[in-house]
Amino acid sequence: MFKEKIDTNNLPKHIAITMDGNGRWAKTKGKFRIFGHKSGVKAVRDTVEGAAEIGIDFLTLYAFSTENWDRPKKEVDALMSLLVSTINKETTTLMDNNIKLTAIGDLNSLPKKCQEELQESIEKTKNNTRTTVILALSYSSRWEILNAIKQIVKEGIKEDQVNENLFSQYLTTKGVPNPELLIRTSGEQRISNFLLWQIAYSELYFTDVLWPDFRREDLFEAIVKYQIRERRFGKTSEQIKEEN
Ligand code: IPE
Ligand code: IPE
Ligand code: MG
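Keep in mind that what you see is a predicted model, and the values were worked out from it rather than measured.

The rules behind these values
Residues numbered from 1 in each chain as written. Chains lettered and ligands numbered in written order. Predicted model: local features only at pLDDT ≥ 70, side-chain atom pairs only at ≥ 80, totals over all residues. Heavy atoms only, no water. Helix = DSSP H or I, 4+ residues; strand = E, 2+ residues; numbered from the N terminus. Buried < 20%, exposed > 50% of the residue type's maximum accessible area, 1.4 Å probe, protein only. Near = heavy atom within 4 Å. Polar contact = N/O pair within 3.5 Å; in protein donor to acceptor, adjacent residues only side chain to side chain. Areas by Shrake-Rupley, 256 points an atom, 1.4 Å probe, with all protein chains shown as cover. 1 Å grid on protein atoms, 1.4 Å probe; cavity = no way out; pocket = protein on both sides within 12 Å on 5 of 7 lines; lining within 4 Å. Sits in = over half its atoms within 2 Å of the grid points. Phe/Tyr/Trp six-rings, centres within 6.5 Å; stacked < 30°, edge-to-face > 60°.

Engineer: I would appreciate a short explanation of unusual backbone geometry in the present structure.
Structural biologist: Across residues other than glycine, the phi torsion is negative in most instances, and most of the peptide bonds are trans. The phi angle at Asn98 is positive, at roughly 60°, despite the residue not being glycine. In this structure, Asn98 sits in the loop between α3 (73-96) and β3 (99-104). On the basis of relative accessibility, which here comes to 27%, the residue Asn98 falls in the partly exposed class. At Ser138, a position not held by glycine, the phi torsion is positive, near 50°. Considering the arrangement of structural elements, one finds Ser138 in strand β4 (residues 131-139). By relative accessible area, Ser138 is classed as buried at 1%.

What follows is the structure in structure tokens.
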């Protein structure tokens, strides 16, 4: 059991997860890709509950990238209706667990029904305080960075006022600490346009587990492995030991 091995005094405040491998999971079972997506919902529920259970403040889940719009229409449509039904059904789980839902990405590009369902759940859960789940939907980090630059230019902000702190305020993750840990399932070791600015110093954790098989124990394992790493932020190991 990895849960007992977690040092609760050294928890990451924010964990981001790229939920990958649904299609391959379905293929190993001789099923269509969408069956993999549907099966991934259980993994989402268990992971979200696990994060709340141990006291993670923010959990960002990469659910749909801007690039995913280029998939076959049938798959995109199925994913969108799955999103609608899942948000609808899972809002009770969120309320029961005192979890707040928010979303980042180009939300206006989602189908109307999806936007409505999402807004309803965001509104319902807005006063919950245990864990904030941030869904990345139609999200692209380059899109987000360009938007921030456009906004800064539009507001006529002076060059000497632009710094890391100001820039962060123009990103969709405004007010959310940078993730200390980024997990990607399915064995792929790439970022795929996710939180490029925010993960500058995140610990990256890759697991071969395909998303539909991911459970809270896998999350706890990732946290335990994260906690034994030494985060140096450019300094030497000796300096870090002295500071602690
Ligand atoms: C992740 O699983 C879910 C989405 C990107 C929407 P994939 O659908 O990418 O599954 P693989 O990578 O093809 O196995
Ligand atoms: C990244 O997965 C996006 C999500 C998990 C939502 P993809 O499967 O789309 O990424 P690539 O194409 O393998 O980089
Ligand atoms: Mg994939």
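Engineer: What's the story with the site of ligand 2 in this structure? I'm lost.
Structural biologist: For ligand 2, the full set of nearby residues is Thr18, Met19, Asp20, Tyr62, Ala63, Phe64, Ser65, Asn68, Arg71, Arg184, Arg190 and Ser192. Taking Asn68, its side chain carries an N or O atom lying 2.9 Å from an oxygen atom of ligand 2. Side-chain polar atom of Arg190 to an oxygen atom of ligand 2: 2.8 Å apart, as the coordinates give it. In isolation ligand 2 offers 390 Å² of accessible surface; the protein chains occlude 78% of this area. Applying the majority rule of atoms within 2 Å of the grid points places ligand 2 in the largest pocket.

Engineer: So what exactly am I meant to see when it comes to the packing of aromatic side chains here?
Structural biologist: Two descriptors summarise a pair of aromatic rings, namely the distance from one centre to the other and the angle between the planes of the rings. Evaluation of the coordinates by the stated rule reveals eight aromatic pairs. Each ring, one from Tyr62 and one from Tyr139, has its centre 5.9 Å from the other, and the planes form 85°; the classification is edge-to-face. Residue Tyr62 is located in strand β2 (residues 58-65), and its partner Tyr139 is located in strand β4; the two are separated by 77 residues in the primary sequence. Taken together, a centroid distance of 4.8 Å and an interplanar angle of 70° make the contact between Phe64 and Trp69 edge-to-face. Taking the relative accessible area as the measure of exposure, Phe64 reaches 3% and is therefore buried.

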